[in-house]
Amino acid sequence: MANYLDIQKEETLKARVFHDYFDKGKFAYEPNTGNIDFIVTDARLAAGGLFKAHYLWAEAKKGEVDAVSMMTQLVLTCKKTYDSGEFMPPPYLGCFDGKKIAFLPFHDILPVFAENDINWNAAPSNYLSDDFIKTRKKITKLLAKNFTVYDFDEDSAEIKSFIKNNFIPGMVSTKSPITKNNFPHIYNRWVTEVKPTINISADRWQKYKREGVLDLDFFLADVMSRDGKTIIEKLNIILDNDNYKLQKDIEGELFKTDINFTDGGAAYRRFWNKYERPPAEEYQQYMIGRRDLLVPKNIREVKGSFFTPQIWVEKSQEYIAKALGENWQEEYTIWDCAAGTGNLLAGLANKYNIWASTIDQPDVDTMKALIDEGFNVLPAHVFRFDFLNDTFDKLPPELKKILDDPEKRKKLIIYINPPYAEATSTATAMGRGHNKGDVATAHKTRDKYKAAIGSATNEISAQFMARIYHEIPECKLALFSKLKFVNGQNFSRFREFFNADFKKGFAVCADTFDNVAGKFPIGFTVWDLSGKKFPKNITLDVAGNRERKRFWALDGKSINKWIIQFNKTVHEGIAYMANPAPDFQKINQPYITAQTGSRHFHYYVFNKSNVIEGCIYFAVRLCIEPTWLNDRDQFLFPNDGYKTDTEFQNDCLIFTLFHGQNRISCVDGVNHWIPFTEQEVDASEKFDSNFMSKYIKGKTFSNEANSVLNTGLELWKYYHAKTKGNNTVSVNASFYDIREYFQGRAPNGKMNNKSADETYNKIIKMLRNHVKLLAQKIEPKIYEYGFLK
């Protein structure tokens, strides 16, 4: 079958593709539903919404377009449709143009939907936007295995075969399974999303409760159902045709009274579209027998940083099961010694094996009050204890026996989310802030372990870890924490002290925790404290993503140790570069100016013999986009590979010349960084310095670097054409000066993002895009030459 490159309208293209490849007896076609170009549905089911099976969501483009870009646009488009729950997602996503069609299992793209560093409201069709480029990069990593592309000319038969073999009822489930470990958490969501729509008044709920019929009975009726009907009859409530029926007589209501929904069941259907019902047979009787685990989600935050979001509580318990076995709750004693109001323990099954302590008596009182409402801990197992100050003699005797018994300690899990507070901050180091007083310094544990772990005692979580490791040896530790103890420069002594075996873990973004500011990784890690040596690195799953991230224990030299060897003392430099602490957290701090700064940094002095090394440092620090996941990655002393790679060196030079943090200005002195001659830009006067144009002359540049240079030349020429005859501006303008001239400044002194001059806006946008492409070219070399691991 021929291709469709001659078709000029997308609607015509969509109609032709459907006509030629989809059996109209089986399939129907819906264009532009939820902004999705092309939806293939089941023709045999009732029309509309949740009752119609979707087989394919696809992006369509006339002509010929890159398949990965089309798929990226579709992902950005269909996220809102997916989140709404109005439609059951299809087993496949697709994209096609006049030349080809591609398919990807919907499951494969779900990790991208969990990303929180993408603006999902960005225009999906803007292929040059930061969010599109970021999303495309994430998607590209996921496409290697299952992204199938067919040519309409050459693969017509294969396309039809793919559709025939894959677009069949029940072929792929996009629903999550219900297990004994996650069903309490699913219940908590059900209470929020479904329960309010059940058509029962507050008075009736109270009457049902007096008769022993609780909201969890309605939930169990939902869980133990298939096709709208409960499969187990011996329940207080059953489901019949997606309506509830009472299974016992209650005053004023007949046996098997129907109970429906205030919204016609819309919220119910949206919710259960996400989960596979019923659970596997091996879990069904366990769930019915453990009704006591289904308690209202009324454990709320009392102290900000102590509160763990329910989604991460659930996932942490999944990872403990992966590390220690599915029966960990029966086989281990669990102690949360920083329990707050106890939400980290929600969903645990064996109350005889659970202990909860906290520093504040009101939190103890809150947990004990919640026991009456279903918090699954024995009252005697909830107690006040200041872990960083009290002696273990103050522990309940039964728990103390476990800590005193070497064999029982091996079956003890310390399961905690300690506070993230620390005694110092970036503001302190910069001279703009002050130490946080007694936050991390007024504890006996700090004093006891200061000599052993050094400045790591500035962080409260490290104090918890040190005492647990040393005073409760050979137990298991499962904790949420920042990951500085793995890769922070100030934690070298801590890593020498903490000889433990890493078992399992995942990373999440800090801003998903209530009252935790900033975007950086928080890790949940499981450790066996009977280990022999701290690992060189740990690999964590990225929650909601198929990515894995390796965090290195880096105790060697940093990039700042490397650059300082080229910093020769000179009377007068041609530029100065700030060299802040070597991690992504300081991404806005490396910059170049014509004068040395006064901030608390080391400053690199550019002279005419060390330009390349300085530009390599600048490009390495700035060409990789910072994310919450790489926020604490450390830049390192490189290997020697870069020394013979002149293309890499020259790429870094051009990147530096045209990056926004090159703030050299002729206002501050002679501008030695003009990359062009007076003749090339048609300047009205001679430049004060031709150093950079002479330095560049004769060098060979990559295609990406040349694209930046050529667009930069266009910018300089436009500036000199616009300012010719204007004696109020300087002929020696730098890249920074040119931007300031066209963009101007806001009343607060900050440079505006755009100009009123549309020609300038077009040129600068093109230049920035070329700089991004050059940065992508440089990036692999940064890892190859060991600047990052």
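Let me sum up the structure you'll find in this document.

Calculation notes
- Residues numbered from 1 in each chain as written.
- Predicted model: local features only at pLDDT ≥ 70, side-chain atom pairs only at ≥ 80, totals over all residues.
- Heavy atoms only, no water.
- Helix = DSSP H or I, 4+ residues; strand = E, 2+ residues; numbered from the N terminus.
- Buried < 20%, exposed > 50% of the residue type's maximum accessible area, 1.4 Å probe, protein only.
- Areas by Shrake-Rupley, 256 points an atom, 1.4 Å probe, with all protein chains shown as cover.
- Salt bridge = Lys/Arg side-chain N within 4 Å of Asp/Glu carboxyl O.
- Phe/Tyr/Trp six-rings, centres within 6.5 Å; stacked < 30°, edge-to-face > 60°.
- Lys NZ or Arg CZ within 6 Å of the ring centre and 35° of its normal.
- Pairing = 2+ DSSP bridges.
- Core = buried A, V, L, I, M, F, W, Y, C linked by side-chain atoms within 4.5 Å.
- Contact = heavy atoms within 4.5 Å.
- Axes fitted to C-alpha atoms, helices over the stretch in contact; angles between N-to-C directions.

**Quick look at the overall build of the protein chain**
Here comes step 1: When helices and strands are tallied, the protein chain shows 28 helices and 25 strands.
Here comes step 2: The buried share of the protein chain, taken over its 789 residues, is 56%.
Here comes step 3: Total accessible area computed for the protein chain in this model is approximately 34500 Å², and 49% of it derives from carbon and sulfur atoms.

**Let's talk about the pattern of salt bridges**
Here comes step 1: Across all of its chains, the model carries 36 salt bridges by this definition.
Here comes step 2: Between Asp66 and Arg136 there is a salt bridge whose closest N-O contact spans 2.3 Å. Taken together, the residues span a long stretch of sequence, with Asp66 in the loop between β3 (54–60) and α2 (67–84) and Arg136 in helix α4 (residues 130–142) at a distance of 70 residues.
Here comes step 3: Since its relative accessible area comes to 29%, Arg136 is described here as partly exposed.
Here comes step 4: In this structure, Lys394 engages Asp390 in a salt bridge whose closest nitrogen and oxygen atoms are separated by 3.3 Å.
Here comes step 5: Here Lys394 falls in the exposed class, since its relative accessible area comes to 55%.
Here comes step 6: Salt bridges here are not isolated pairs; linked through shared partners, they connect Lys99, Asp151 and Asp153.

**Comments concerning the packing of aromatic side chains**
Each aromatic ring pair is described using two quantities: the centre-to-centre distance and the angle formed by the ring planes.
Here comes step 1: Considering all chains together, one arrives at 79 aromatic pairs under this definition.
Here comes step 2: Note on Trp562 and Phe566: the rings are 5.3 Å apart at their centroids and 70 degrees apart in plane angle, and the pair reads as edge-to-face. Grouping residues by exposure puts Trp562 and Phe566 together as buried.
Here comes step 3: Through pairs of rings, three or more aromatic residues link up here, namely Phe18, Phe22, Phe27, Tyr29, Phe38, Tyr55, Tyr92, Phe96, Phe103, Tyr150, Phe162 and Phe167.
Here comes step 4: The side chain of Lys557 reaches across the aromatic face of Phe637, ending 5.3 Å from its centre.

**Some details on unusual backbone geometry**
Here comes step 1: At the junction of Arg277 and Pro278, the peptide bond is cis and its omega measures out at -10 degrees in the coordinates.
Here comes step 2: Looking at the element boundaries, Pro278 is found in the loop between β13 (275–276) and α10 (281–289).
Here comes step 3: A positive phi angle, near 55 degrees, is found at Asp682, a position not held by glycine.
Here comes step 4: Looking at the element boundaries, Asp682 is found in the loop between α24 (678–681) and α25 (691–696).

**Overview of the pairing of strand β23 (residues 575–579)**
Here comes step 1: The element β23 is largely enclosed, with a buried count of five among its five residues.
Here comes step 2: When β23 meets strand β25 (residues 602–606), the two strands line up antiparallel, connected through five bridges. When the bridges of β25 are listed, Tyr576 appears paired with Val605.
Here comes step 3: As paired elements, β23 and strand β24 (residues 592–593) share two bridges and run antiparallel to each other. Residue pairing for β24: Tyr576 is matched across the bridge by Thr593.

**Details of the nonpolar core**
Here comes step 1: Judged by nonpolar contacts, the single largest core of 67 residues is most densely connected at Phe655 and Phe658.
Here comes step 2: Setting aside anything within four residues of it in sequence, one finds Phe655 in contact with Phe618, Ala619, Leu622, Cys623, Val771, Leu774, Ala775 and Ile778.
Here comes step 3: Trp355, Trp527, Ile538 and Trp628 belong to the second largest nonpolar core, which has 50 residues in total.

**Observations concerning the sheet that holds strand β21 (residues 537–542)**
Here comes step 1: Strand order in this open sheet of nine strands is β16-β15-β14-β17-β18-β20-β19-β21-β22, and the pairing throughout is mixed. Since the sheet does not close on itself, it has two edges, and those belong to β16 (382–384) and β22 (548–552), each with one partner. Within this sheet the neighbouring strands show an average axis-to-axis angle of 25 degrees, counted without direction.
Here comes step 2: In this sheet, strand β20 (residues 521–528) lies alongside strand β18 (residues 476–482) in antiparallel orientation, the contact comprising seven bridges. Across the sheet, Lys476 pairs through a bridge with Asp528, a residue of β20.
Here comes step 3: Most of the contacts of helix α11 (residues 310–324) go to strand β19 (residues 501–509), to which it runs at about 160 degrees, and overall it touches β17 (412–416), β18, β19, β20 and β21.
Here comes step 4: Helix α18 (residues 460–471) contacts β17 and β18 of the sheet and is inclined by roughly 165 degrees relative to β18.

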